[in-house]
Amino acid sequence: MTVSRPGPRPRDQLRLRPPPLPEPRGPLSAAVTARLREPIPGSTPSTAPSPAPSPLPSPADCSVYGDDLQLALYVLYELHYQGFQGVPDSLEWDSALLACRAAIEERFLAALRRDVPMDDGTAPTVTAAQALDALQLEPVGDAPGSVSHFLRDEGGLDQLREYAAVRSLYHLKEADPHAWVLPRLHGRAKAAMVAVEFDEFGGGRAERIHAQLFADLMEDLRLDATYGHYVDAAPAEALATVNLMSLFGLHRALRAALVGHFAAVEVTSSPASRRLAEALRRVGAGPAAVRFYAEHVEADAVHEQIVRHDVVGGLLEGEPHLDADVVFGIRATARLDDRLADRLLGAWRAGATALR
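Residues numbered from 1 in each chain as written. Predicted model: local features only at pLDDT ≥ 70, side-chain atom pairs only at ≥ 80, totals over all residues. Heavy atoms only, no water.

J.: Any details on the overall build of the protein? Residues and values, ideally.
T.: When its secondary structure is counted, the protein shows 14 helices and zero strands. Listing every helix and strand of the protein by position from the N terminus yields α-α-α-α-α-α-α-α-α-α-α-α-α-α. By the burial criterion, 51% of the 356 residues in the protein qualify as buried. Excluding contacts between residues fewer than 6 apart, the proportion of contacts in the protein whose partners are at least 24 apart in sequence is 80%. In the structure as shown, the protein presents an accessible area of about 16,200 Å², 55% of it carried by carbon and sulfur atoms. (Helix = DSSP H or I, 4+ residues; strand = E, 2+ residues; numbered from the N terminus. Buried < 20%, exposed > 50% of the residue type's maximum accessible area, 1.4 Å probe, protein only. Contact = heavy atoms within 4.5 Å. Areas by Shrake-Rupley, 256 points an atom, 1.4 Å probe, with all protein chains shown as cover.)

Below is the structure:
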């Protein structure tokens, strides 16, 4: 006897449909999105020769952390995730688009290596263990640069909704780019990474996938939980935090930096999640909104130990020369998170919106 399975709910159907291409923010992102809208040569029968694809400009003149470059990179990376409405899947591996992406990545990575400090000013090198220890030092007082402290202590419902909208770009794909590191790990590091990712993907239960829990949070806050819905509203600083995950995830040479990114997220998540759950309770948000962060308080406290001792420890046990790359991943994550925090807090403290 066969057991029929219920079909996807309407909300799930929305998540199965790729998002539309976002609006360009400058000449580079305009050229990339225009290229994705062009017909593929030879894809339609015609007696006339297919026009040559439009050339893609160099990213050299773009601000490396600005809207145009970061959106162009986000769009190119998204071809490896859900894609876009009306864009053929075959363009994921289009050579011209990959060359454009490589040029943007080169600028982005060079800027990060220039801007991310790799020592503490007193010692010539900082180890991964020391960098993780530094993340565990909670700020004292009102933590002027902390979004979670601000939202807990004085943020309103509108600001919490803005925060959820901006962070949806990250949380609706949170575990996906980290999964790319699995074939690049071995032994203890791989087993531990799989264990944590198993939790991130709901422990085998679709309704408990963390991206789904965040979609539930968004609906509780009366936001549109459709994948990619808030890309046009998100500032460049938010795009950069998502692009960092994809940059590290798609390059084997940056596997240790991705492990560092993952460790930074897990080490800092539990205390920040506690504050955000308190903020949501204070403004009277519903149970689904509170649940997402309440779940992370306990889960990420456990994950922190697994990641620190078994994922990072296991990786460096076998490949100790990657220690500096783990540190780079940790500190690049903090650098871009700080930039996003400055953008959000600067707007909110001025009584303005943080959205574009």
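More follows now that the structure is in view.
J.: If you had to explain the side chain of threonine 241 to someone new, which residues and values would you point to?
T.: Summarising the element assignment, threonine 241 is placed in helix 11 (residues 236–249). A distance of 2.7 Å separates the side chain of threonine 241 from the backbone oxygen of alanine 238, its partner in a polar contact. Contact partners of threonine 241, with chain neighbours within four places excluded, come to Arg167, Leu336, Asp337 and Leu340. (Polar contact = N/O pair within 3.5 Å; in protein donor to acceptor, adjacent residues only side chain to side chain.)

J.: I'd like a description of the nonpolar core, backed by residues and values.
T.: In this structure, Leu36 and Leu217 are the most contacted members of the largest nonpolar core, which totals 107 residues. Excluding residues within four positions of it along the chain, leucine 217 makes contact with Ala164, Leu280, Ala288, Ala289, Phe292 and Tyr293. (Core = buried A, V, L, I, M, F, W, Y, C linked by side-chain atoms within 4.5 Å.)

J.: Tell me what's going on with the pattern of salt bridges, and back it up with residues and numbers.
T.: Enumeration over the complete set of coordinates arrives at 15 salt bridges. The residue glutamate 237 makes a salt bridge to arginine 343 at a minimum N-O spacing of 3.6 Å. On the criterion of sequence distance, the pair formed by glutamate 237 in helix 11 and arginine 343 in helix 14 (residues 323–349) is long-range, its members being 106 residues apart. Through salt bridges that share partners, Arg25, Asp67 and Arg356 make up one connected network. (Salt bridge = Lys/Arg side-chain N within 4 Å of Asp/Glu carboxyl O.)

J.: So what's going on with the environment of proline 24? Residues and values would help.
T.: Tracing the chain through its elements places proline 24 in the loop between helix 1 (10–16) and helix 2 (27–37). Contact partners of proline 24, with chain neighbours within four places excluded, come to Ser29, Ala30, Thr33 and Leu71.

J.: So, the layout of surface pockets: which residues are in play, and what are the values?
T.: Taken as a whole, the largest pocket spans an internal volume of roughly 1,000 Å³. At the level of secondary structure, the elements contributing two or more residues to the lining of the largest pocket comprise helix 5 (128–135), helix 6 (147–153), helix 7 (157–171), helix 11, helix 12 (255–282), helix 13 (287–318) and helix 14. Considering each element in turn, the lining of the largest pocket owes the most residues, eleven residues, to helix 12. For the lining of the largest pocket, the class distribution of residues is 21 nonpolar, 13 polar and nine charged. (1 Å grid on protein atoms, 1.4 Å probe; cavity = no way out; pocket = protein on both sides within 12 Å on 5 of 7 lines; lining within 4 Å. Points joined across faces, edges and corners; volume = space filled by probe spheres on them. Nonpolar A, V, L, I, M, F, W, Y, C, P; charged D, E, K, R; others polar.)

J.: Which residues make up the confidence of the model for the protein, and what values do they have?
T.: The predicted model of the protein has a mean per-residue pLDDT of 89, with 88% of residues at 70 or higher. Ignoring residues within four places in sequence, the model shows residues 1–8, a span with pLDDT below 50, making two contacts including any to other chains. (pLDDT = per-residue confidence, 0-100.)

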